[in-house]
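# Tertiary structure, described
Listed below are the residues making up each chain.
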Amino acid sequence: MKILLLSCSTGEGHNHCALAVKEALDARGHETSFLDMLHMFGDPGPLSFDKILNRISTKAPDVFGMMYHAGAMYSATGVTSPVYMANIRHARQLNAFIRDNGYDAVVCSHLFPMETLTFLRRWERCEVKCCGILSDYTCIPFLAETDLDAYFLPHSEVRELCIQAGMPAEKLIVSGMPVAARFLAPMDKAAARAALGLPADKKIYLIMTGGIGCGDAVSLCDSILRVPDENSLLCVLPGRNEELRAAIESGYQGRGVMAVPFTDKVAVYMRAADVLLSKAGGISSSEAAVLGVPLVHTMAIPGVETLNAEFFAAHGMSYFARSTDDAARFADRLIYDTSAAARMLRAQDTCLPKDGAERIAGIICGGSC
């Protein structure tokens, strides 16, 4: 089969989701393409959806939260949304691209291309198989107004939420979240630290801020450092946020804190860590859980990330910190209370399937959706 995977770069998680499925499809010998739909038909300029949303997420997360809740309220009315209208601009171009390149299926890891494909299926001749992947642990606003062949969901509880939102049960497939193979590859902590040049004898707090560098990592570092410990290292991944990286590098010289430039070795850093403190992206949280690392959710962007963190905490797969002081306290508990960390790792191991990408690839190729 020839399969197009569509994402949008509003954060790295949606891309990782699509790329994990692409990896599984490639391993089966299929021909695949991965594209960001917002950038397929020319440079959208500084006012593109992804740039605007990323800016709001990093600079005004409370505004993002208000937008999310407003979207949820609007979605509940059943009235066709502005999101749908905004995403049909390039519908005919996308349809021509799919047809001219001979794709047999399109798989979307973001709401925006799902909306575009819904328009094409309703008003144009678009006869290829169209599937969506939900990359969060809730039914997101406006998902129910889309109309694809199938939707791949991370958990059975999310399926119930989608049914409550009015989505047809027969299209909702609980596959588990797709996670790249590198998060499943075996590597012990000592080997991971050696590969990264990290000290073998220190307690390592890994702080992840997502691909766009969200959250107040500086205050989080301050909270952890409030109790001095020469035997600890704070390893901060600021994503592509160079302003945050510079603040970490200049503010904590000689204090046991290091900032890591944008890296593709996140899985190795997770394996090297004693505890992970992270924003609550659906994909990054799933990656941490299938790999198996004690997890504290903090700096969650209000809205869907809050719901992701609540889901993980309710199932014992993370602690959800509402403040940086709570995050520091939870992190210390997981480092020094080995039984608490072990309980969390057991919950991670039993609650989420590890083969979501394989399941999705098999269903797409098997023709059952």
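As the structure is a computational prediction, the values presented were derived from the model and not from experiment.

### Focus on the sheet that holds strand S9 (residues 257-259)
Strand order in the open sheet formed by 6 strands is S9-S8-S7-S10-S11-S12, and the pairing between neighbours is parallel. Edge strands, defined here as strands with exactly one partner in the open sheet, are S9 and strand S12 (319-320). Across 3 bridges, the pairing between strand S10 (residues 275-278) and strand S11 (residues 295-297) is parallel. Residue pairing for S11: Leu276 is matched across the bridge by Leu295.

### Notes on the packing of helix H5 (residues 91-100) against helix H6 (residues 111-123)
For the pair H5 and H6, the least separation of the axes is 10 Å and the interaxial angle reads 80 degrees. Between H5 and H6, the crossing angle belongs to the class labelled roughly perpendicular. On H6, the residues touching Ala91, Arg92, Leu94, Asn95 and Ile98 of H5 are Thr116, Leu117, Phe119 and Leu120. Counted by class, the contact of H5 with H6 contains 6 nonpolar, 2 polar and 1 charged residues.

### A word on the packing of aromatic side chains
Both the distance between ring centres and the angle between the ring planes are used here to describe each pair of aromatic rings. A complete count under the given rule lists 5 aromatic pairs for this structure. Ring centres of Tyr137 and Phe312 lie 5.2 Å apart, and the angle between their planes is 90 degrees; on these two criteria the pair is classed as edge-to-face. Within this pair, whereas Tyr137 is found in the loop between strand S4 (129-133) and strand S5 (150-153), its partner Phe312 is found in helix H13 (residues 304-314), the two being separated by 175 residues in sequence. Residue classification places Tyr137 among the buried positions, given a relative accessible area of 3%. Of the aromatic side chains, those joined through ring pairs into one cluster are Tyr137, Phe311 and Phe312. Here Lys2 stacks its cationic end above the ring of Tyr103, 5.2 Å away from the centre of that ring. Directly above the ring of Tyr319 sits Arg333, whose terminal nitrogen or CZ lies 5.3 Å from the centroid.

### Observations concerning the pattern of salt bridges
Counting across every chain of the model gives 20 salt bridges. A salt bridge links Lys22 to Asp26; its shortest N-O distance comes to 3.0 Å. Separated by 4 residues within a single helix, Lys22 and Asp26 lie in helix H1 (residues 13-27), roughly one turn from each other. In this structure Lys22 comes out as buried when scored by relative accessible area, which is 19%. Connected through salt bridges with shared partners, the residues Lys189, Arg193 and Asp274 form a single ionic network.

### Remarks on the packing of helix H14 (residues 324-336) against helix H15 (residues 338-351)
Packing of H14 against H15 brings their axes to within 5 Å, and their N-to-C directions diverge by 95 degrees. The angle between H14 and H15 places the two elements in the roughly perpendicular class. In contact with Arg333, Leu334 and Tyr336 of H14, H15 contributes Thr338, Ala340, Ala341 and Met344. Looking at the contact of H14 with H15 residue by residue, the classes come out as 5 nonpolar, 1 polar and 1 charged.

### Considerations on the pairing of S4
The buried fraction of S4 amounts to 5 of the 5 residues, a majority that puts the element mostly inside the structure. Of the two faces of S4, the one carrying Lys129, Cys131 and Ile133 and the one carrying Cys130 and Gly132 are both buried. By the bridge criterion, 4 bridges tie strand S3 (residues 105-108) to S4 in an arrangement that is parallel. Each residue of the ladder has a partner; that of Val106, found in S4, is Cys130.

### A short note on the sheet that holds S3
The sheet built from 6 strands is open, its strands ordered S2-S1-S3-S4-S5-S6 with parallel pairing. Looking at which strands have only one partner, the edges of the open sheet turn out to be strand S2 (31-36) and strand S6 (172-174). Strand-to-strand twist across the sheet, computed as the mean angle between neighbouring axes with direction ignored, equals 20 degrees.

### Overview of the environment of Lys354
With respect to the secondary-structure elements, Lys354 resides in the loop between H15 and helix H16 (356-366). Sequence spacing of Lys354 and Ser175 is 179 residues, and the spatial spacing of their C-alpha atoms is 9.7 Å. With residues near it in sequence (within four places) discarded, Lys354 still touches Leu184, Ala289, Val290 and Asp349. At a separation of 3.1 Å, a polar atom in the side chain of Lys354 contacts the main-chain carbonyl oxygen of Val290.

### Here's the deal with the side chain of Ser232
Note that Ser232 resides in strand S8 (residues 232-237). In this structure the side chain of Ser232 is engaged in a polar contact, spanning 2.9 Å, whose partner is the backbone oxygen of Asp229. Look past the residues within four positions of Ser232 in its chain and what remains in contact with it is Lys202, Lys203, Tyr205 and Gly256.

The rules behind the values
Residues numbered from 1 in each chain as written. Predicted model: local features only at pLDDT ≥ 70, side-chain atom pairs only at ≥ 80, totals over all residues. Heavy atoms only, no water. Pairing = 2+ DSSP bridges. Helix = DSSP H or I, 4+ residues; strand = E, 2+ residues; numbered from the N terminus. Axes fitted to C-alpha atoms, helices over the stretch in contact; angles between N-to-C directions. Parallel < 35°, antiparallel > 145°, perpendicular 65-115°, else oblique. Contact = heavy atoms within 4.5 Å. Nonpolar A, V, L, I, M, F, W, Y, C, P; charged D, E, K, R; others polar. Phe/Tyr/Trp six-rings, centres within 6.5 Å; stacked < 30°, edge-to-face > 60°. Buried < 20%, exposed > 50% of the residue type's maximum accessible area, 1.4 Å probe, protein only. Lys NZ or Arg CZ within 6 Å of the ring centre and 35° of its normal. Salt bridge = Lys/Arg side-chain N within 4 Å of Asp/Glu carboxyl O. Polar contact = N/O pair within 3.5 Å; in protein donor to acceptor, adjacent residues only side chain to side chain.

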